[in-house]
Amino acid sequence: MNPYILAILLFGLGLGTTITFASSHWLLAWMGLEMNTLAIIPLMAQHHHPRAVEATTKYFLIQAAAAATLLFASITNAWLTGQWEVQQITHPLPTTMITLALALKIGLAPLHAWLPEVLQGLDLTTGLILSTWQKLAPFALILQIQPSNSNTLIILGLASTLIGGWGGLNQTQLRKILAYSSIAHLGWMILILQFSPSITLLTLLTYLIMTSSTFLVFKLNKSTNINTLATSWAKAPALTALTPLILLSLGGLPPLTGFMPKWLILQELAKQGLAPTATLAALSALLSLYFYLRLSYAMTLTISPNNLLGTTPWRLPSTQLTFPLATSTTLTICLLPLTPAISALLTP
């Protein structure tokens, strides 16, 4: 892609998210989301592969439907209450419609079915943008409206953690596994949103760091399925030794960074008297942990001559910058001891 066009598209991506962050009016927020969608479409379709074009078409249709629902709900809210303020939304009907439209935008269960299919059709760089940056603008709106109907959020959260765990169990494609991992993590964020927005932000931040490092590892190894991952040990042995730690951090095992948000969320849910919800969420984390362990096993416990059946790829030197990977991997593995300091910073 022409670097000037790429720069314009990335600028549009950043501008769309920034407009949504800064807006207090529903029309402006909707406009930011639309700019965001339109900027990423050419990035998704840039390889002209039938799978990429199919994924782009699916993504466009889903995002257009979600944006139309959001616009309809905000107009309904203006008709019922006479104002367009994002934070002053009080009527339960538009609130629920907007919550569901934003859930469709970020891929929360049961509105998640498009996410694994779309992510599977993209290359790892665009997949990284879709899994991280594209979640920010809708999340900013969900945080602002603070939906009053608490049951909706708890149902969405629990459904996402369970489906995110179940869906990834029988997958061999890494992008689909990461899509289900994304659904499960978003479920944890939505579960705690109404009780502690600061913990939601912390979970979002750790999710962004962990997902970035996972995508960058796969990109460096040029891995898109478990078999190619299993042959990566000869290409980058040090990275292969660190990758299980990144994956187990995504699974939420101590003493890694990923344990911090899960620990705080379960603690807060127990404080709110929602012990059954906390138990169900913790059990669903075990489902996700299974497929992270499966990836770790394929990567580090099947060293030759016990390789999985698969062809060894060409080991060409990578042109990828290693600084972002080094930074995100360090943060993914080492942040747990800073939990008290981070909690103190996030507490209002």
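Residues numbered from 1 in each chain as written. Predicted model: local features only at pLDDT ≥ 70, side-chain atom pairs only at ≥ 80, totals over all residues. Heavy atoms only, no water.

Focus: the pattern of salt bridges
Our working rule: Any carboxyl oxygen of Asp or Glu that lies within 4 Å of a side-chain nitrogen of Lys or Arg is treated as forming a salt bridge with it. A run of H or I in DSSP becomes a helix once it reaches four residues, and a run of E becomes a strand once it reaches two; helices and strands are each numbered from the N terminus. Partly exposed describes any residue whose relative accessible area lies between the buried limit of under 20% and the exposed limit of over 50%, with all areas from a 1.4 Å probe on protein chains only and scaled to the type maximum.
What the rule picks out here adds up to three salt bridges. Among the ionic pairs, E54 bridges to K58, the shortest N-O distance being 2.8 Å. Taken together, the positions of E54 and K58, both in helix α3 (residues 50-81) and four residues apart, correspond to about one turn of that helix. Taking relative accessible area as the criterion, E54 reaches 39% and is therefore assigned partly exposed. Residue K58 pairs with E117 through a salt bridge whose shortest N-O separation is 4.0 Å.

As for the domain arrangement of the protein
Filter applied, for reference: For the domain bounds, the source is a domain assignment made automatically or taken from a database. The contact criterion used is simple: two residues touch if any of their non-hydrogen atoms lie within 4.5 Å.
Partitioning the protein into structural domains gives domain 1 (1-148) and domain 2 (150-305 + 320-347). Computed over C-alpha atoms, the centres of domain 1 and domain 2 are 23 Å apart. If you look at the interface, domain 1 gives 30 residues, while domain 2 gives 33 residues. Applying the counting rule to domain 1 against domain 2 returns one salt bridge.

Description of the packing of helix α10 (residues 197-221) against helix α13 (residues 259-271)
Pairs of packed helices are described in terms of their axes, by the angle between the two and the distance that separates them. Rules: Axis angles are defined between N-to-C directions and span 0 to 180 degrees, where every axis is a line fitted to C-alpha atoms and, for a helix, only to the segment in contact. Comment on the angle field: the value is read as roughly parallel under 35 degrees, roughly antiparallel over 145, roughly perpendicular from 65 to 115, and oblique elsewhere. Take the far helix as the reference: if the near one is turned anticlockwise from it by less than a right angle, the crossing is left-handed, and if turned clockwise, right-handed. Classes in brief: Ala, Val, Leu, Ile, Met, Phe, Trp, Tyr, Cys and Pro nonpolar; Asp, Glu, Lys and Arg charged; the others, Gly included, polar.
One can describe the packing of α10 onto α13 by two numbers: an axis separation of 9 Å at closest approach and a directional angle of 160°. Taken as axis vectors, α10 and α13 run roughly antiparallel relative to one another. Viewed along their axes, α10 and α13 form a crossing whose handedness is left-handed. On α13, the residues that touch I199, L202, T203 and T206 of α10 are M260, P261, L264, I265 and E268. Among the residues forming the contact of α10 with α13, the class breakdown is six nonpolar, two polar and one charged.

A word on the packing of helix α6 (residues 124-131) against helix α7 (residues 133-145)
At their nearest, the axes of α6 and α7 sit 3 Å apart, and the two run at 15° to each other. Considered as vectors, α6 and α7 are oriented roughly parallel to each other. Across from L128, I129, L130 and S131 in α6, the residues of α7 making contact are W133, Q134 and K135. Considered class by class, the residues forming the contact of α6 with α7 number four nonpolar, two polar and one charged.

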